[in-house]
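Commentary on secondary and tertiary structure
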Amino acid sequence: MTVNLEVADGVGTLRLDRPPMNALDIATQDRLKELAEEAARRADVRAVVIYGGEKVFAAGADIKEMQTMDHTAMVLRARALQDAFTAVARIPKPVAAAVTGYALGGGCELALCADYRIAADNARLGQPEILLGLIPGAGGTQRLARLIGPSKAKDLIFTGRQVKADEALALGLVDRVVPAAEVYAEAHAWAARLARGPAIALRAAKEAVDTGLETDIDTGLAVERNWFAGLFATEDRERGMRSFVTEGPGKAEFL
């Protein structure tokens, strides 16, 4: 399989496994969508890590495969390509990307689908599609601009240049930089901590933030308001408040 889902301690690892560079061909895209949807459904998966292995995250699309496709073929495929990445972005649980080595093109777009990105000090990220006479097609023009702002996103997309980990951190493209040997452990620790949190409240927080970024503030506030009030019907809210009153903050244990 080109992508695997491994579950331990409430954390599901979506592991890309298509050596040597984890090129995201059609079969890999479809498998990614399938497993992202599985991770979203499974009760034993409470947080997710996306990982490409110790040497490379994903170096982009399979260019040899794409070269054989004409306009008609891509018209038929482009929606499925985006749907695979959207399935990752819409996992209703905290998602971290553990980025090692190259995360280019589709690889960078996959990292953009995560809620939090931890990069190795040897990571290189970018959207080089313009160098092929193309633009990003798996969400890069939309998610990158929302994450780092339009002018910085346009610079990366217009030039196709790669950025090293330190510049990616300065741009806000990644959230932390750690030694390469520690990337997966750090991402797993981040996910494992949240896997012990209140699952419905985390889902609500993610949906409220993501919806707010895609709509006007009044609609976003309505989503927040509805979730905020709705969480008062959950056992996690009862546990959290009871623990706060009797034991102090930060000691609640959630189911």
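Our structure's up above, just so we're on the same page.
Residues numbered from 1 in each chain as written. Predicted model: local features only at pLDDT ≥ 70, side-chain atom pairs only at ≥ 80, totals over all residues. Heavy atoms only, no water.

Right, let's talk about the overall build of the protein chain for a bit. Each helix and strand in the protein chain was counted, giving 11 helices and nine strands. Here the C-alpha radius of gyration of the protein chain, 19 Å, is about what a compact globule of 255 residues would show, namely 18 Å. Seen along its three principal axes, the alpha-carbon backbone of the protein chain occupies a region of about 65 × 40 × 35 Å. Classification of the 255 residues of the protein chain by burial places 44% in the buried group. Within the protein chain, counting contacts between residues at least 6 apart in sequence, those at least 24 apart form 70% of the total. Counting only carbon and sulfur atoms, one obtains 56% of the accessible surface of the protein chain, whose full area is about 13,100 Å². Here the protein chain contributes 31 positively and 35 negatively charged side chains, and the mean placements of these two sets differ by 1 Å. (Helix = DSSP H or I, 4+ residues; strand = E, 2+ residues; numbered from the N terminus. Rg over C-alpha atoms; globule rule 2.2 N^0.38 Å. Buried < 20%, exposed > 50% of the residue type's maximum accessible area, 1.4 Å probe, protein only. Contact = heavy atoms within 4.5 Å. Areas by Shrake-Rupley, 256 points an atom, 1.4 Å probe, with all protein chains shown as cover. Lys, Arg positive; Asp, Glu negative; His and termini not counted. Charge placed at Lys NZ, Arg CZ, Asp CG, Glu CD.)

Our next topic: the pattern of salt bridges. Under the definition given, this model contains 13 salt bridges. Its salt-bridge partner being aspartate 62, residue arginine 18 comes within 3.1 Å of it at the nearest N-O pair. Linking arginine 18 in the loop between β2 (11-16) and α1 (26-41) with aspartate 62 in the loop between β3 (47-51) and α2 (63-67), this pair joins segments that are 44 residues apart in sequence. Take arginine 18: its relative accessible area is 24%, and that puts it in the partly exposed class. In this structure aspartate 62 comes out as buried when scored by relative accessible area, which is 15%. A salt bridge links arginine 161 to aspartate 155; its shortest N-O distance comes to 2.9 Å. (Salt bridge = Lys/Arg side-chain N within 4 Å of Asp/Glu carboxyl O.)

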